[in-house]
Amino acid sequence: MATTAPAAAHRNNFLAPEPHIVARLKEALADVRPQVHVLTAADLALVKEENQPTPAVHVIWQGFRPLESRVDGKEARLDHTWLIVSAVKNVRTLRSGEAARSQAGELAARAGGALMGFRPPNVAGPMRLTQAPGAGHSAGFVYLPLAFLVESVFKAESVS
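Residues numbered from 1 in each chain as written. Predicted model: local features only at pLDDT ≥ 70, side-chain atom pairs only at ≥ 80, totals over all residues. Heavy atoms only, no water.

A.B. asks: What should I look at first to understand the environment of Asn122 in this one?
C.D. replies: Positionally, Asn122 belongs in the loop between helix 3 (98–115) and strand 4 (128–130). Taking the C-alpha atoms as reference points, Asn122 and Pro17, separated by 105 residues in sequence, lie 6.7 Å from one another. Residues contacting Asn122, with those up to four places away along its chain left out, are Ala9, His10, Arg11, Asn13, Ala16 and Ser152. (Helix = DSSP H or I, 4+ residues; strand = E, 2+ residues; numbered from the N terminus. Contact = heavy atoms within 4.5 Å.)

Here you go:
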């Protein structure tokens, strides 16, 4: 199932990769059953944990760090972190959590594999796996994050 790519964005819009990451994940996970929901931070903002759709992959921009800035301040290279969080709920083995962890691990493997080396627009290189926060557990839910770095170049409107 092909998805339509979003329109081009301003070259400094470092959030522009989000819809492309979402589209890539939706395409890569289209054959997984039950259906995997691909959600952004905006999609999740008002959803209570017990009402969230699962299984899901959450796409969350985690901020950036400057790598290098020109002396005149008119251009900077930035490394952005995107969290790709596999979220599942499985109460079949609630005490041990084994079923939920297994399901989250499989989902993370598929989502991560789809993004390794992916180069969305408005970036200066491919997505690169980096250190992620630890997994989260809550009443049958498991959250297994992967973190990816992607570089962008932020420029003044007129660089000379």
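A.B. asks: For this particular structure, what's the right way to read the packing of aromatic side chains?
C.D. replies: By convention here, two paired aromatic rings are described through the distance between centres and the angle between planes. Evaluated as defined, the whole model comprises 5 aromatic pairs. A centroid spacing of 5.3 Å and a plane angle of 25° characterise the contact between Phe14 and Trp61, whose relative ring orientation is stacked. Of this pair, Phe14 sits in the segment before helix 1 (17–28) while Trp61 sits in strand 2 (residues 56–69), and the two are 47 residues apart along the sequence. With a centroid separation of 6.1 Å and an interplanar angle of 10°, the aromatic rings of Phe141 and Tyr143 are classed as stacked. Residue classification places Phe141 among the buried residues on the basis of a relative accessible area of 5%. Among the aromatic residues, those joined into a ring-pair cluster are Phe14, Trp61, Phe64 and Phe154. (Phe/Tyr/Trp six-rings, centres within 6.5 Å; stacked < 30°, edge-to-face > 60°. Buried < 20%, exposed > 50% of the residue type's maximum accessible area, 1.4 Å probe, protein only.)

A.B. asks: Hey, could you run me through the pattern of salt bridges in this one?
C.D. replies: When the charged atoms of two side chains with opposite charge come close together, those side chains can pair. Enumeration according to the criterion identifies 6 salt bridges in this entry. Ionic pairing is found between Asp72 and Arg70, a salt bridge with its closest N-O pair at 2.5 Å. On the basis of relative accessibility, which here comes to 28%, the residue Arg70 falls in the partly exposed class. A salt bridge links Arg77 to Glu151; the shortest N-O distance between them is 2.7 Å. Residue Arg77 is located in strand 3 (residues 75–89), and its partner Glu151 is located in strand 6 (residues 141–155); the two are separated by 74 residues in the primary sequence. Looking at Arg77, the relative accessible area reads 28%, which means it is partly exposed. Residues joined in a network through salt bridges with shared partners are Arg65, Asp79 and Arg128. (Salt bridge = Lys/Arg side-chain N within 4 Å of Asp/Glu carboxyl O.)

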